[in-house]
Amino acid sequence: MPILKQDDAKTLLSKVLSFSKADECQVSIGGGDTGNVRYARNSVSTSGSVSGTQLVVVSTFGKKQGITTINEYDDASLEKAVRRAETLAQLAPENPEHMPVLGPQTYAPAATTYIPATAAMSTQMRANLVDQSLGIARDAKVTAAGYLEDSAYFSALMNSRGLFGYSTGTNVNFSVTMRTDDGTGSGYASGGYNDIADLNVAAASKAAAWKAARSGAAKALEPGKYTVVLEPAAGIVLLENLYGALDARSADEGRSFLSLPGGKTRLGEKLVDEQVNIYSDPWDERMPTGNYNFEGLPQEKVSWIEKGVMKNLFYSRYWAQKKGVKAVPFPDGFIMTGGSASLEELIKGTEKGILVTRLWYIRAVDPQTLLYTGLTRDGTFYIENGEIRYPVKNFRFNESPIIMLNNLEALGKPQRTVSGEGGGSAMIPPMRIKDFTFTSLSDAI
Amino acid sequence: MGIGGAMLSRIPVLGSPVPPGMPLETVDVALKKKMADVALNAARSKGASYADVRIGRYRNQFVITREDKVLNTVDTESYGIGIRVIAGGAWGFAATDKMDNDGIARAAELAVLIAKENARLQKEPVQLAAQKGFGEVSWKTPIEKNGFEVPIKEKAELLLAVNAAAMKGGASFVDSSLFLVNEQKYFASTDGSYIDQDIHRIWPTFTVTKTDDKTGKFETRDALSAPRGMGYEYLSPSGSGKINGVTALYRDRYDMLEDARLAAGQATAKHAAKSVEAGKYDLVLDPTNLWLTIHESCGHPTELDRVLGYEANFAGTSFLTLDKWESKKFNYGSPLVNMVADKTQKGSLGAVGYDDEGVEAKEWELIRGGVLVNYQAIRDQAHIIGLKASQGCCYSQSWRDVQFQRMPNVSLRPGKAPLSPAEMISKVEKGIYIVGDGSYSIDQQRYNFQFSGQLFFEIKNGKIAGMLKDVAYQANTQEFWNSCAAICDERDYRLGGTFFDGKGQPEQVNSVSHGAATARFNGINVINTARKI
C-alpha cells in the first residue's frame with residue numbers, strides 16, 4: 001500500500017467477494033499518494049503530504065442496496081465490512097431505478113496514464129520547482145502566488161458476476177498568479193499533465209509575469225458586445241458547463257436547454273457553428289484517460305458535437321434501459337478540435353476585439369438557455385489591427401456557450417488545459433468569437 | 001472562491017460510505033490524548049518548535065430522493081490524524097489514516113521534513129500569536145435531537161412526503177435531500193491544549209420543477225430552508241418564529257412540507273410571471289437572499305488571507321486593503337450598516353467552542369456605522385493587524401487537510417427602530433422584493449457582483465403588484481452597501497448560510513451562517529436575463 005499492483009488488487013478483491021452472501025456484490029479499492037506546495041507573497045505558505053486507500057463494498061438483495069467501506073485489510077475486518085453492507089441492504093428502501101451489476105466486460109488496453117517519474121516526485125523536487133517560479137518572480141519584480149500538486153493513484157473494481165477492472169495514473173498540476181507590486185497588474189498561467197516532464201514551471205511563471213507587467217494601467221471600455229479572442233484557460237470554464245449539461249434524461253424530461261415542446265429534444269439538431277467538433281477519446285495521446293467508468297462501463301471514443309450537430313448525450317444505465325438505447329457514460333475528458341493557428345495568429349486576424357486570458361466565477365443564470373455569468377481576470381487586452389494595443393479593465397459577461405459557439409469566427413490549435421474553476425482537464429483551442437456579451441465593468445485587478 | 005456550484009456535485013468527498021443507521025461510535029478521549037502525545041513528542045524530537053494535532057472522525061449522511069423514489073442513502077465516515085508543525089520557521093503538514101503509534105510518528109516526522117525543506121523558500125519565519133493552553137476541555141453543539149440517531153426510514157418518509165406535497169401541488173418533478181454532518185474532532189498542541197469537540201449540522205433542501213410541454217420551458221423553485229448548526233429539531237415545525245408574507249418564511253424551525261407545497265404553486269406561477277424590464281429599482285431583500293450577498297461582498301473581502309495575497313492564485317485578493325482599514329474612515333457602507341463576525345451564535349454553522357488551532361470562539365465587529373474596523377485573522381496573521389491574539393478563524397474540512405483562515409459567521413445587525421418588511425415595502429415606489437438565493441457571481445477582489453433569487457415581486461407605489469422573472473441585480477460592493485436605506489428590526493432577523501464555501505489549494509469547504517433582517521437598497525441596477533438559443 002498505497003498503490004497495489006494488479007495481481008495483488010485482484011487477490012484482495014477476490015477474497016472480499018468470497019465473504020459475500022448477497023444476491024450481488026461489487027467491491028472496489030482505490031487510493032494513492034499526493035504531495036503539494038502552496039506559495040504566496042513570494043514565499044511558501046503551506047504544503048503537505050497525504051497517503052491513503054479505501055475499500056468499498058456494495059451488497060444488493062433484489063433492488064435493495066447497502067454500502068460500507070473500510071481501510072483495514074485483515075480477514076476479520078474485510079468480512080465485517082461485507083456483513084455490514086449486507087445488513088444495510090436488508091434495511092434499505094427499494095430503489096425502483098436500481099440496476100444490477102454489470103457482467104464481465106472487455107476493455108481495450110488502456111492508454112498510458114501512469115508515469116513513474118511523476119510518482120517519484122519528492123518533497124525536495126517540489127521545493128526546487130517552486131524555487132524556480134519564485135526566482136522568476138524576483139527577477140521580474142512581481143509577487144508570485146502558486147500551487148504545485150502531484151499524485152499517483154490506482155483503482156480496482158470487481159463484482160460477483162465476474163467483472164474486473166484495474167487502472168493506475170499520475171497527475172501533476174501547476175498554476176501561478178503573478179501580480180505587480182503596486183497591485184495594478186496581474187497575470188496567470190497553468191498546466192496539468194500525467195508526465196512531470198511535460199510541465200514547464202519556468203515557462204508558465206514567465207508567461208504569468210509577462211501578463212502582469214503588460215496589464216497595468218488598464219483603460220475602461222464601455223460594456224457591450226465585442227469580438228473576443230478566448231485563450232484556452234478562458235474557454236474551458238464556459239465549455240465545461242456545456243459538456244456537463246449534455247444529459248439525455250433531463251433533456252427528455254423537459255428540463256434542459258436541449259428540451260423542445262412536446263417532449264422532444266435537440267439531439268440530432270445543428271445547434272452551433274459547423275466548425276465545432278467535440279468528442280472524447282480515452283486513447284488520445286495528448287490527454288489519455290481511463291478505459292472504464294466507476295460502474296465498470298467501458299469508456300469509448302464518442303462524438304458529442306459533430307460539425308455543429310448534437311450527436312450524442314449521456315445515458316445512465318437506468319435511462320438507457322428505459323429508452324432502449326445503449327448506456328453512454330460521462331467521459332473523463334473532452335476534446336474540442338481546432339485548426340493549426342496559434343493564439344498569436346488569431347490575434348493577428350482580429351481587426352478590433354478583446355483578448356481574454358482567463359474567466360472567473362462562472363455561475364449558471366438560466367438553465368433554459370445555458371446562460372452563464374462571470375468575469376474576465378488576470379490580463380484582459382484590447383486588440384486593434386491584429387495587435388495587442390493596451391490592457392483594459394475587467395468585464396462581467398452574461399453569455400451562453402451555445403450562443404457563443406454560434407458566433408464562432410475562428411479556432412486555433414487545441415491545447416491541454418486545466419480548468420481554473422473545476423480543476424478538470426480538456427483539449428481546448430483558442431477561439432475568436434464575435435458579439436460576446438459584456439454587461440458591466442469591474443474594478444478588480 | 002465562494003460557494004460551490006451545483007449542490008449535489010459539491011457534496012464534500014471527505015470520507016467513505018459506512019452503514020446508515022450505524023450507532024455513532026466515538027473514540028475514547030484518553031486514547032485520543034495518547035495518540036496526540038505520540039505525534040507532539042515525535043514532532044518535537046525531530047526539531048519542531050511548535051506542533052498541533054487534529055484527530056478527526058468526520059461523519060456525513062445524505063438521504064437523496066426524487067418524486068416517489070429514494071435514490072440513495074449514504075453514510076460517509078473518515079477517521080485519521082493531521083499533524084502541523086513549525087520547523088526552521090516554516091509550516092509543514094502531513095496526514096495519515098494509519099492510527100498506530102508508528103504511523104502517527106512517521107507522519108509527524110514527515111511534517112517536520114516538509115517544513116525544513118520549505119524553510120529555504122521562506123522569506124520570513126512564521127510568527128504565531130501567543131495562545132494559552134486550555135488543558136483538557138470539551139465543547140458540543142447544543143442540539144436537542146441527534147439526526148444520526150433518527151432512523152433512516154423516518155428521514156426517507158419525510159422527504160417522500162415532501163415530494164408528494166410538491167407533486168400534489170402541481171410540480172412536474174421534485175428532488176429533495178437531507179444532509180447531516182457530525183465532526184468529532186480532537187485538537188492538541190504544544191501550547192498545552194487538549195480540546196475535544198462534537199459539532200453537528202443539518203440541511204434539508206429541495207428543488208421543485210414545473211415544465212410546460214407546449215412551450216418546452218421549465219421553471220424551478222428551491223427550498224427556503226437554511227443549513228444550520230442544529231440537530232433534527234430544525235425539522236420539527238412549532239409555528240413560533242414563522243413569518244407569513246408573500247410566502248412562508250422560517251426562523252429556527254423549518255416546515256419542509258409547507259414550503260414544498262408553496263414552491264409547487266410558485267414554480268407554476270413563474271411561467272406566467274412578467275419578464276422584468278431592465279433598469280434601476282429599489283430592492284427589498286429578504287434574509288433568504290441577502291445572506292449570500294453578505295457572504296460574497298463582506299464575508300470574503302474581510303478575510304485577512306485574501307487581503308494579504310495568500311489567495312491570489314485561486315479565490316483572489318480583496319479591495320479592502322490594509323490602508324483602508326488603517327485610515328479608520330473607509331466608507332464601506334451607509335451608517336446603518338453594522339457587520340459582526342462571530343463563532344458563537346447559537347444554531348449557526350460557524351459556532352464552535354474552539355477553532356482548529358486551539359483559540360476560543362469569540363465575536364467582533366467588522367463594519368461599524370458603515371466604516372471598516374477589522375478583519376478575520378488567525379494566529380500567524382494576528383500581528384499584521386496589531387492583534388495580540390487570534391480571532392479564532394482557523395478551520396480545516398477534515399483531518400486530511402491543513403487548517404487555514406476561514407470565514408466565521410458574518411452578519412448584518414438588524415435595525416434599531418421598529419420596522420417590519422410590510423412597512424418597508426409600503427414605502428417603496430418602484431421596487432422589487434426578492435426572496436431566496438439564486439445565481440451568484442463576484443469578481444476576485446469583490447467589487448462587481450451579480451445575484452439572482454428564487455421569487456421576485458414587483459413593488460409599485462408601496463404595494464406588491466405581481467410576480468416577475470428573469471431578474472438579476474448587478475452592483476459594486478461599496479455602492480451597494482452605501483445605498484442601504486433601511487433595515488428591519490430584530491423580529492425579522494434570520495440566518496442563512498452554506499455548507500460549501502470554497503477556498504484554498506487544494507480547495508476545502510467551510511460551513512458558515514449569515515444573519516440579517518430584511519433590508520432596502522435604493523437605485524440598484526437590474527438586468528433581464530432572458531435569452532433565446
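Sequence order as written defines the numbering, with residues in each chain counted from 1. Here the convention is simple: chains get letters from A, ligands get numbers from 1, in the order in which they are written. The model is predicted, so local features are restricted to residues of pLDDT at least 70 and side-chain atom pairs to those at 80 or more, both for listing and for counting; the totals for chains, interfaces and linings are taken over all residues.

Let us look at the overall build of chain B. The helix count covers DSSP runs of H or I at least four residues long, the strand count covers runs of E at least two residues long, and both are numbered beginning at the N terminus. Along its length, chain B carries nine helices and 26 strands. For the radius of gyration, the atom set is restricted to C-alpha positions; the globular benchmark scales as 2.2 Å times the number of residues to the power 0.38. A compact globule built from 533 residues would reach a C-alpha radius of gyration of about 24 Å, and chain B, at 24 Å, matches this within 12%. Principal axes of the C-alpha set define a box for chain B whose edges measure 70 × 55 × 45 Å. Relative to its 533 residues, chain B shows a buried fraction of 61%. Note on contacts: each residue gets a C-beta atom placed from the backbone, and two residues are in contact if those atoms are within 7 Å. Partitioning the contacts of chain B with sequence separation of at least 6, the portion at a separation of at least 24 is 75%. Residue burial here comes from a neighbour count, namely the number of other C-beta atoms, placed from the backbone, that lie within 10 Å of the residue's own C-beta, with 20 or more meaning buried, 12 or fewer meaning exposed, and in between meaning partly exposed.

All names here are of chain B. With 17 of 17 residues buried, strand β6 (residues 173-189) lies mostly within the body of the structure. Bridge analysis of β6 against strand β7 (residues 193-212) gives 16 bridges, and the strand direction is antiparallel. The residue of β7 that forms the bridge with Ser177 is Thr205. In this antiparallel pair of consecutive strands, β6 and β7, the connection spans three residues, and Gly192 shows a positive phi of 100°. Here a strand pair is declared whenever DSSP counts at least two bridges between the two strands.

Attention now moves to the domain arrangement of chain B. Residue and element names in this part refer to chain B. Where each domain starts and ends follows an automatic or database-derived domain assignment. By the assigned domains, chain B splits into domain 1 (8-272) and domain 2 (275-528). Between the C-alpha centres of domain 1 and domain 2 there is a distance of 22 Å. Across the boundary between the two partners, domain 1 contributes 51 residues, which contact 50 residues of domain 2. Mapped onto the side of domain 1 that touches domain 2, the elements with two or more residues apiece are β2 (50-66), β3 (69-87), β4 (90-96), β6, β7, β8 (217-222) and α4 (256-272). Counting residues per element, the side of domain 1 that touches domain 2 draws most heavily on β7, which supplies six residues. In the side of domain 1 that touches domain 2, the residues fall into 25 nonpolar, 14 polar and 12 charged. Residues are grouped as follows: nonpolar covers Ala, Val, Leu, Ile, Met, Phe, Trp, Tyr, Cys and Pro; charged covers Asp, Glu, Lys and Arg; every other residue, Gly included, is treated as polar.

Residue and element names in this part refer to chain A. Taken in spatial order, the six strands line up as β10-β9-β8-β11-β20-β19 in an open sheet, and their pairing is mixed. At either margin of the open sheet sits one strand with a lone partner, and together these are β10 (309-310) and β19 (415-418). Sheet topology places strand β11 (residues 334-336) next to strand β20 (residues 425-428); two bridges connect them, and they run parallel. Paired with Ile335 across the bridge in β20 is Met427.

Further remarks concern the nonpolar core. Counting 249 residues, the largest nonpolar core has Ala39, Ala43, Ile83, Val85, Ala111 and Ile432 of chain B as the members making the most contacts within it. For this core, the element with the highest residue contribution is β6 of chain B, accounting for nine residues. Beyond its immediate stretch of four places on either side in the chain, Val85 of chain B contacts Ala43, Ala48, Tyr50, Ala51, Gly92, Ala111, Val112 and Ala115 of chain B. For our purposes the nonpolar core covers buried Ala, Val, Leu, Ile, Met, Phe, Trp, Tyr and Cys residues that link as a set through C-beta atoms within 7 Å. Judged by nonpolar contacts, the second largest core, of 28 residues, contains Ala9, Leu55, Ala85 and Leu157 of chain A.

Turning to the packing of helix α4 (residues 123-140) of chain A against helix α5 (residues 201-214) of chain A, a few remarks are in order. Residue and element names in this part refer to chain A. For the pair α4 and α5, the least separation of the axes is 9 Å and the interaxial angle reads 30°. When the axis of α4 is compared with that of α5, the two are roughly parallel. As α4 runs across α5, the sense of the crossing is right-handed. Residues Leu129, Gln132, Ser133, Ile136, Ala137 and Ala140 of α4 form the contact with α5, whose participating residues are Val201, Ala202, Ser205, Lys206, Ala209 and Ala213. Looking at the contact of α4 with α5 residue by residue, the class counts come to eight nonpolar, three polar and one charged. Fitting a line to C-alpha atoms yields each axis, with helices limited to the stretch in contact; the angle taken between N-to-C directions then spans 0 to 180 degrees. Here the angle decides the label: under 35 degrees means roughly parallel, over 145 means roughly antiparallel, 65 to 115 means roughly perpendicular, and every other value means oblique. Each helix crossing is assigned a hand: it is left-handed if the near helix lies turned anticlockwise from the far helix by less than a right angle, otherwise right-handed if that turn is clockwise.

Further remarks concern the environment of Leu419 of chain B. Residues and elements named next belong to chain B. Along the chain, Leu419 falls in the loop between β18 (409-412) and α8 (421-426). Between the C-alpha atoms of Leu419 and Ile104, which are 315 residues apart in sequence, the distance is 57 Å. Residue contacts for Leu419: discarding those within four places in its chain leaves Met424, Ala486, Cys488 and Asp489.

Turning our attention to the interface of chain B and chain A. At the junction of the two partners, chain B supplies 67 residues and chain A supplies 82 residues. It is β4 of chain B that contributes the most residues to the side of chain B that touches chain A, seven residues altogether. A class-by-class count of the residues in the side of chain B that touches chain A yields 31 nonpolar, 25 polar and 11 charged. Strand direction decides the pairing type here: strand β2 (residues 43-61) of chain A and β4 of chain B, joined by three bridges, are parallel. Counted as the bridge partner of Ser51 of chain A is Thr96 of chain B from β4 of chain B.

Residue and element names in this part refer to chain B. Residues of chain B with pLDDT of at least 70 account for 95%, and the chain-wide mean is 93. What pLDDT conveys is the predictor's confidence in a given residue, as a value from 0 to 100. Confidence drops under a pLDDT of 50 for residues 1-24, and excluding neighbours within four residues, the segment shows 71 contacts in the predicted structure. This complex was scored by the predictor with a pTM of 0.95 and an ipTM of 0.94.

The first and last C-alpha atoms of α5 of chain A sit 20 Å apart over 14 residues, in line with the 20 Å expected at 1.5 Å per residue. Of all the positions in α5 of chain A, only Val201, Ala204, Ser205, Lys206, Ala207, Ala208, Ala209, Lys211 and Ala212 of chain A are classed as buried. A helix is expected to span 1.5 Å for every residue after the first.

We now examine the domain arrangement of chain A. Residue and element names in this part refer to chain A. Here chain A is partitioned into domain 1 (6-213) and domain 2 (214-240 + 338-441). A straight line from the C-alpha centre of domain 1 to that of domain 2 covers 30 Å. Taken together, the contact between domain 1 and domain 2 spans 16 residues of the former and 12 residues of the latter. Going through the elements one at a time, β5 (164-180), β6 (186-193) and α5 are the ones with two or more residues in the side of domain 1 that touches domain 2. The leading source of residues in the side of domain 1 that touches domain 2 is β6, at six residues. Grouping the constituent residues of the side of domain 1 that touches domain 2 by class yields four nonpolar, 11 polar and one charged.

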